[in-house]
Structures are given as structure tokens and as C-alpha cells.
Amino acid sequence: MNLPKNYEPSQYEKDIYQLWEQSGAFEAKGKGEPFSMVMPPPNANANLHIGHALMFSIQDVLARYYRLQDRDVAWIPGADHAGFETQVVYEKHLAKEGKSRFDYSRQELYDGIYSFVQDNKQGFYDIFRTLGSSCDWSKFAFTLDDKVVNTAYETFKRLWNDGLVYRGERLVNFCTFHGTAFADIEVEYKDEPGKMYFIKFPLVSEGDDLSEDFVLIATTRPETMLGDVAVAVHPDDESLKHLIGRQVALPLTERHISIVADEMVDTSFGTGAVKITPAHDPNDFEVARRHDLPLVQVITEYGLLGLEAPARYHDLTIDEGRKRIVDELEELGLLEKIEEHSHRVGHCYKCGTIIQPLVRDQWFIDMKTLAKPAIEALRADKVRFYPTAKRDQVITYLENVKDWNISRQIVWGVSIPAFQNTEDIDDWIFDDRVDQETIQVDGKTYRRDPDVFDTWFTSGQWPFVTTGYPKGDDFSKYYPNSVMETGVDILYQWVARMIVLGIYVTGEIPFRDVYLHGMVRAEDGKKMSKSLGNVIDPNEILATHGSDALRMGMLAGRSAGYSAAFAPSKVDAGRNFCNKVWNIARYIEGVIGDDYHARKSSKFVSLADHWIVTRLNHAIESVSNDIEGYMFAEAYETVYHTIWDDFAGWYLEANKVEPNYSVLAYGLEVILKLAHPFMPFTTETIWQTLKWENDSMLAVAHWPKVLKCDADRADSFEDIKCIVSEVRAVAKNLGISKPILQYQASDLIESNLEQIKKLANLESATVVGEISGIRLSKTNQVASVFVTEEVAKGYLGKLEQRQTEEVLSVERLRARLGNKSYVDNAPQALVAETKQQLTDAERRLEQITTEIDSFTA
RNA sequence: GGGCGAUUAGCUCAGCUGGCUAGAGCGCUUCAUUGACGUUGAAGAGGUCGGGGAUUCGAAUUCCUCAUCGCCCACCA
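Residues numbered from 1 in each chain as written. Chains lettered and ligands numbered in written order. Predicted model: local features only at pLDDT ≥ 70, side-chain atom pairs only at ≥ 80, totals over all residues. Heavy atoms only, no water.

**Student:** Teacher, can you tell me more about the pattern of salt bridges here?
**Tutor:** Close approach of charged atoms allows side chains of opposite charge to pair. Counted by the stated rule, this structure contains 40 salt bridges. Between Arg802 and Glu806 there is a salt bridge, and its shortest N-O distance comes to 3.4 Å. On the criterion of helical spacing, the pair formed by Arg802 and Glu806 is a turn pair, its members being four residues apart in helix α26 (residues 796–818). Each member of the pair, Arg802 as well as Glu806, carries the same accessibility label: buried. Connected via shared salt-bridge partners are Arg802, Glu805, Glu806 and Arg844. (Salt bridge = Lys/Arg side-chain N within 4 Å of Asp/Glu carboxyl O. Helix = DSSP H or I, 4+ residues; strand = E, 2+ residues; numbered from the N terminus. Buried < 20%, exposed > 50% of the residue type's maximum accessible area, 1.4 Å probe, protein only.)

Shown next, in the form of C-alpha cells:
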């Protein structure tokens, strides 16, 4: 025997993956109907975490299933340089050595990160291989590869030429700790308790004198008043509109500022008068543009007061500055009051630093224009979403989308191919000679923009970049992708932008289906986080349970878009299932030995043969439908029960009585194929160990086809199962270990006597004229478990319970059929079924009642 | 403030377009026992599907409403 007693994943997984990879099993065939999918590229410096396990499991089920279906599967793997994320990790690494990014030149820092990523490469590749991902390594792409960068440059150039990318001085979300700007969706907002300060701004009278009167304004950030350029009131505000056009003296500064009218003011909030700080508040920025007001910057990129703020405040932190200003206002008698106030504050999603809106000159993509065709395509249902509701969320997002700031002030990334005239700051040109700091064009010197692209700008082009847009076989074959499988958390960052950029660049949607998985929560249902200490390490699970068990544990009972808790018990179940399959194979190996050619013929003889074929047929179809409909948990459940209950539980036992090697072999082949997408390592290990066919691999075998068999004979086996189950139950209930069966002449029982004896563990079975003991009530055959009358009476309680159940059942069915509307309106087939059920239930009730009467008589 | 989702067995969760006595895994109870597997086998207990209402012959499933939890979005200074 080649198969040892227990399946030990760690002994096989590495070799099996190598076998697959080296044989080129995962490479796209280039022929047949394509099934294409690009992998959301993990961070190049990432280590395996539980989220990968879910993502790769789902995608690999799809890839393996469609490969067995003989589709031309192109699952394209990749790695993301993950600009900001990676730089943050690297900076933490530097911090451990007591260094920071300021200790290095730009190039040194870039090189440092580059080798850091290289050093972590193995961990990265392990993710794919340990999880068994059947991706096509020959198509691997890294976001810093030349072809990716060049395509990104082409896209940027085209946007530039089309006037859809512009450079502008805007308010950006700036992390003063990391020293870079973010896109709007990257900012994490939290409701936080704060204070509302009510400050008096003295009105300036006609002759520039200060009057006794003042305007009361409310603010949560008093320190920003140093950068105020106006006070705004609503044009229709009866109590304040008379002040429009007048001036106030901005306390603590020498400046006088005007009172302007703007509809943005909400008269019901605060005092109805709003201080306008255009350089540090996005709304105020808009107001300032409308009223042509200047920008007065008072907060630096380091989060300190400075720039145009009065010199005495320079270099104070925001908090220090706020305290000092509040104190000074108090002294001047200009602070009316302070109230508690809860408000939303933006934070850096990495370090938690409060995001400062700062004025920066950066590159923006005109998303409003670009989103239009994307919204149309989505409305026309050109992309199907799973779960479906996410489509509308993307539409809503795109309808309200703001321009996308793609400049990042970090070094780890793709340099922006734009150069600025050293003599004329408004003169920018496109040029992809980014390896040079300065270039000469037309006798003028241009300096490269030091910024890099937002990572999502490159990964947003992934579906067409990885398929070799604009030319190439892969692009014509694999674009649009069949499906995009990714996490709900990056619906806007990634999915929406891929749709937008894909349509803009190629004129086509990037993928036909989008399947979104939820997050893996911790066992307690909470978000996993290092600070809560509830992070699950997949490596431990892999070591003890193996990859297949983890995969199945991730998929079981999970539905699209839903964030479910990690359940270790499901991984246990997965491991047990692997062992079950292993032992099924082990048993069959023991029985049929080397006669694997048995599987070449399929002769169905016994009732059980026909029955198991119908069960396998059902599974083949139902698993196909479920996987194609992205219902992975359902597909898995069918595989699990077909194999465990039907094949191992019933069929193998029946086969021991009526051996049929060809069906054993056929059945094993089918179950290995059915299970392969879910447990690739175990099934392939079995396939290889059995030397199923010379040099063949399960990974590139063919999905089983439904076979013809006799449905009536299959049904007869159902009846045998029914008899066996009831005998077992009755015997169990009475504590009989070897029951005796009595039956009235029956072809079914007679011709399957050995089978029933074995399955029900009978002592003996005899044909009698009149049965005695406990009558079997669920089968149409007349049979009983023979016991003395005394023992039978002990069963009375159980019988009465059964009687009650049947009475209820009969009543319910009669009521249903007595309902004229039901009989008239329900489908005929359903009504007929109900009638049959009633007949059966009535018969059973009669039997039970007769039996009870016989005991009590 | 808006939008979305969740609420089903002790726990973690399925249940597609309304139609058998609502399912799974784990856990629990009882029993079996050593030749495929104790990572096993057999039998079983356990749920008025969050509350209320509506539509329908029929609702876990559709609609309304309330409650609780969660997520996303939003410029309330």
C-alpha cells in the first residue's frame, strides 16, 4: 500500500506545488474559451496573513475549476510596490535603528527600500505557493516593471493631452508625520470630542476705528484664525446680512478682513458667521475662490505654526499654538465662551496623525469627466457585481467623486514624468526621462517633479497593463477579464478606478464580473488588530492543519461581501475532510490494487451502483452551478456531503457486499475532481501516489461528465437506505446491538438481503406471513424489527411520539389541500406532491396506530 | 444627516428567483470499538428564523415599521 494511514500535509505540499509549477500546469494554454482573472497584487514586502488565505482560496477555486472545465485559464499574479505602505514599513524599520528618512538622500532612501523589498521577497513568494495558488507565473507582473511604468506614462500623457490631468494649487490632505498628501478616500475620519470656541471679531467703523460692536464667530480650530481672510454670513441672514461689506479687525494680527456673503453658511449652526481660512479648510478654500480672496498659510508641512503667521507664533505646535491663542483672546476679552463639541477629525490611516489640509501644488485627475462613461457602463449592467448592491454604491461614489490627487511626496514609487521650467514655475512639460533630475529642452532647463504617483494610479490600470495593452495576444484574449475578485474594502480605491481608467484607456470595461469578499474578522467578531492582540496567524494553522484545511475553513459558510469571523472549527472540519478523502483513496487502493484501469470501464450492476452515480451526477452539476454563480460555500458543502455521506458513508459500505471495482475507481476519480478546487494538495497527492495515469496531473485533468444510469434502481437503493436507517434507529432505541428483521415477501428485501444485513448489522432476517415486533413505518415494504412483546411495549413511548408527529403532519397536509385557493393557485406539480405526501402520511399514521393498539389491547 | 448590511441551534455561519418536517461545521448527550479513516462509525437533543404589522393559497425569504449591532459616505465652521 502506497498511502500511509493519515494524511500529513506538510510531507507533500511543497513537492506537489513544485510538480505543478515545473510542469507548467498553471500556464494559460492559449487555446479554448478564455477565463481570465488578474490577482490583486499583494504588497511586494508582505508576509502571509489571513486575508491572503481567503482571497487566494476563492480565486484558486475559480482558476482550478475552470481549468478542469478545459477553459484557457489565465490567472495573472503580481506584486505591488505599494508606495506609501511600504515606505511606512521601511521607516519603522529605520526607526528601530534610530534613523529616519531625513538621514538619507532621496536616492539612498529609494535604494534602501528597494533592497529591503528584495530581502523580503521570499516571504512574499511563499504566500502564493503555500496556499497552492494556481496562477500563471510566466505572466507575473510587478508594478515597477518597465512595461507597467511605461503604460502608466502613456496613460498620464494621454490624460495630459486630453486636458484631464492638471496641476493646481489645491488643498490636499497632508500627513505632517509622513510628509505626504493623500487622496480624499484615504483619510480616516473619526468622531471625536472637541471644543467649540466662540470668538469676538471687533467691527471696524467708518474711520477705521474699532467699534464696540463685534461679530461672534464659532470655531473648533482657533489657531487657524491667523490665516483668516474673511468672515462669511449667509446672504439671507436677517440678523447678520446688514454687516455684509463691512470689515472686522482680525484679533492677534494687524489685519482687517471683510465680511462677505456666501450661501455655504448654515444659519442654524454656530453663530451664523463663519471665519474663512482658505489655506487650511476645504470649504473655506472654495469660498475664497468664489470671492477671489487670498490664501494665507499659517501651518507648515511639519504641522507647526509658521509661514504667514505672526512671527511670535512660529514653530509652536498646533496644540501649543491653540492654547496660547485662546489665552491671549481671553486676556483681550475676546473669548466669549467655550463649549463641548463633538466633530469629525481626519487622521492618517497609518500613523493616526491628524490630517492637515494644506495648500499644495500637485497633479489632479479630472475624475468628474472620466467617471461619466463609467457610470453609464455600470447603469447598463455591463459589470455584474456580487453582491449586487455594490454596483449602486460604486455609481453613487462616482457621481460624487472629487478630482483625484495623484501626487505623493514619498520616494518609493513611480516618478511622475513631468518637468518644470526652472525660470517659469507655470511651465510644465511631459517627459519620461525621469532618471534625470534636470533636462534641457529648447534651451530651457527643466527640473523633474520630485513626487511619485499614487500607487493606485498604476494598480488602477492592472487589468490592461498585465494583459499587455495595447497590443499582444493576451490583451485580445484576456481583456476584459472574466472576473475581478477582491476585497470590499478597496471598492472605491481600486475597483471603481479600474473601471474608470479601463474604460478611458481601452474603451472597454476591464472585467465582466466583480466578486467582492468581506474581511476576515477575529474569532470574537471584532476587527483584527495588533493592538487588540486578536490577529490570527495563518502560519500556525498551516503547520498543524495544512493548506487545504485552511482553504476550506476560509470558504465554508462565507458569502459575498460579508465580513465573517474566523472559525477554527471550520478549519478542523477541513482537515478532517482531507483525511477522510485520503482514507477513501487508501481503502480503494487496498481493494483494487494496481487495477486502476478498472476505471476505464463503468458497469453499473447493483442498486447501489446506480444510486451512487445519480448522487455523483447531482454533485457534478450542482457544484458547477454553484461555482459559476460564485456560491463557494454551497459548492463546498455539496462536495463535502457527497463525498463523506454518500460515497464513503453509504456506497463504500454497500460496495463491500457487492464489490464493483469499476465504480469504485470511477467514484474515486469523480470525487477527487470534485474536491480538487477546494483541496488541491490532498487530491493531487492521492492522484500522484496512485500513479493514476502515467505522467498525468489532476490539476490539468477534465471535470467529470454526468453518466447515464437507471433512476428506478437508484430509487430502490433509497428505499434500502430507508429500511436500514430505521432498523438502526429502532435497535438503538431499544439497546439491541444485533437486530432481527422480519419481513413479508418482498423482492426488494429478498434480493438485497445481504446488503441490508451488513448495513443494518442484522443478526438475521426471516420472511414471515405476519410480522411481529416493531413495524418499520417509513418504508413501503412490510417489515419489522423482531422483539418480544414485552420489549416492544417499552417502545410504546417512542411510537406515541411518532404518532403525534404523523397526526400533525396529516392535519397540516389536509388543511393545505382543503384550502381551495391553494389547490387552484399553486402549481399542479406541487399540489400533486402534497396529495402524495398526504397519502403516505395517512398510511404511516394508520400503521403506527394499529401497532400501538396491538400493544395496548 | 444620508446610504448599505446584519439579526436563523450553545458558538461561527449557509439558506439563489417565496413552495417538503428551516440546514451545515464545531460543541453537547448516548452508544459502538480495534483491518479505509477515532482527524472514525451509529443514534439523538437543540431553533415559534430580533419584535410588530402587511401582501399571498403559502413568508426565514417580498413590503412597511420598530429595536439592537456593524460598515460606508457627507463641507456643518
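The rest of the description comes next.
**Student:** Whenever I open this one, the protein's contact with RNA strand B confuses me. Can you help?
**Tutor:** Surrounding RNA strand B, one finds 56 residues, the nearest of these being Asn283, Gly557, Asn583, Trp644 and Asn819. Across the atoms of RNA strand B situated within 4 Å of the protein, the share located in sugar and phosphate is 61%. One nitrogen or oxygen atom from the side chain of Asp266 is found 2.7 Å from a base oxygen belonging to RNA strand B. Of all the elements in the fold, those that place two or more residues in the surface near RNA strand B are β13 (335–347), β26 (564–565), α17 (568–592), α19 (632–657), α22 (711–734), α26, α27 (820–825) and α28 (828–856). With eleven residues, the top contributor of residues to the surface near RNA strand B is α17. (Near = heavy atom within 4 Å. Polar contact = N/O pair within 3.5 Å; in protein donor to acceptor, adjacent residues only side chain to side chain.)

**Student:** In this structure, what is going on with the state of the cysteines? I would like to understand it.
**Tutor:** Throughout this description, disulfide means a covalent bond between two cysteine sulfur atoms. Within the structure shown, the criterion is met by zero disulfides. Among the cysteines around Cys348, which has no disulfide bond, Cys351 carries the closest sulfur, lying 3.6 Å off. Residue Cys348 is classed as buried on the basis of its relative accessible area of 2%. (Disulfide = S-S within 2.5 Å.)

**Student:** How do you make sense of the sheet that holds strand β20 (residues 438–441) when you look at a structure like this?
**Tutor:** The strands making up a sheet associate through hydrogen bonds between their backbones, and the pairing can be parallel or antiparallel. Ordered by their spatial adjacency, four strands build an open sheet running β19-β18-β21-β20, and the pairing between neighbours is antiparallel. Every other strand in the sheet has two partners, leaving β19 (428–430) and β20 as the edge strands with one partner each. Neighbour-to-neighbour, the strand axes of this sheet turn through a mean angle of 35°, independent of strand direction. Inspection of the sheet shows strand β18 (residues 418–421) paired to β19 by three bridges, in the antiparallel sense. Bridge assignment links Gln420 to a residue of β19, and that residue is Trp428. Sheet contacts for helix α6 (residues 146–161): β18 and β19; angle to β19, the most-contacted strand, approximately 130°. (Pairing = 2+ DSSP bridges. Axes fitted to C-alpha atoms, helices over the stretch in contact; angles between N-to-C directions. Contact = heavy atoms within 4.5 Å.)

**Student:** What's the story with α22 in this structure? I'm lost.
**Tutor:** Every α-helical turn comprises 3.6 residues, leaving residues that sit three or four positions apart pointing alike. Taking 1.5 Å of rise per residue, the 24 residues of α22 would be expected to cover 34 Å, and the 35 Å separating its terminal C-alpha atoms lies within 8% of that figure. All of the buried residues along α22 are Ala714, Phe717, Asp719, Ile720, Lys721, Ile723, Val724, Glu726, Val727, Val730 and Ala731. The backbone nitrogen of Asp712 has a side-chain oxygen 2.9 Å away, supplied by the residue at the start of α22, namely Asp710. Gly735 occupies a position one or two residues after α22 and carries a positive phi of about 75°. (Expected span 1.5 Å × (residues − 1).)

**Student:** Just to check I follow, could you spell out the sheet that holds strand β27 (residues 740–743) for this structure?
**Tutor:** Taken together, the four strands give an open sheet; going across it, the order is β28-β27-β30-β29, and neighbouring strands pair in mixed fashion. Sheet topology places β28 (764–767) and β29 (774–775) at the edges, where each strand pairs with a single neighbour. Here β27 pairs with strand β30 (residues 783–786) via four bridges, running antiparallel. In the sheet register, Tyr743 faces β30, and the bridge partner there is Ala783.

**Student:** How should the packing of aromatic side chains be read in this particular structure?
**Tutor:** What characterises a pair of aromatic rings is the spacing of the ring centres plus the angle enclosed by the ring planes. According to the stated counting rule, one finds 53 aromatic pairs in the structure shown. Taking 6.3 Å as the distance between ring centres and 75° as the angle between the ring planes, the aromatic pair formed by Trp160 and Phe430 counts as edge-to-face. Residue Trp160 is located in helix α6, and its partner Phe430 is located in strand β19; the two are separated by 270 residues in the primary sequence. The class for Trp160 is partly exposed, based on a relative accessible area of 21%. (Phe/Tyr/Trp six-rings, centres within 6.5 Å; stacked < 30°, edge-to-face > 60°.)

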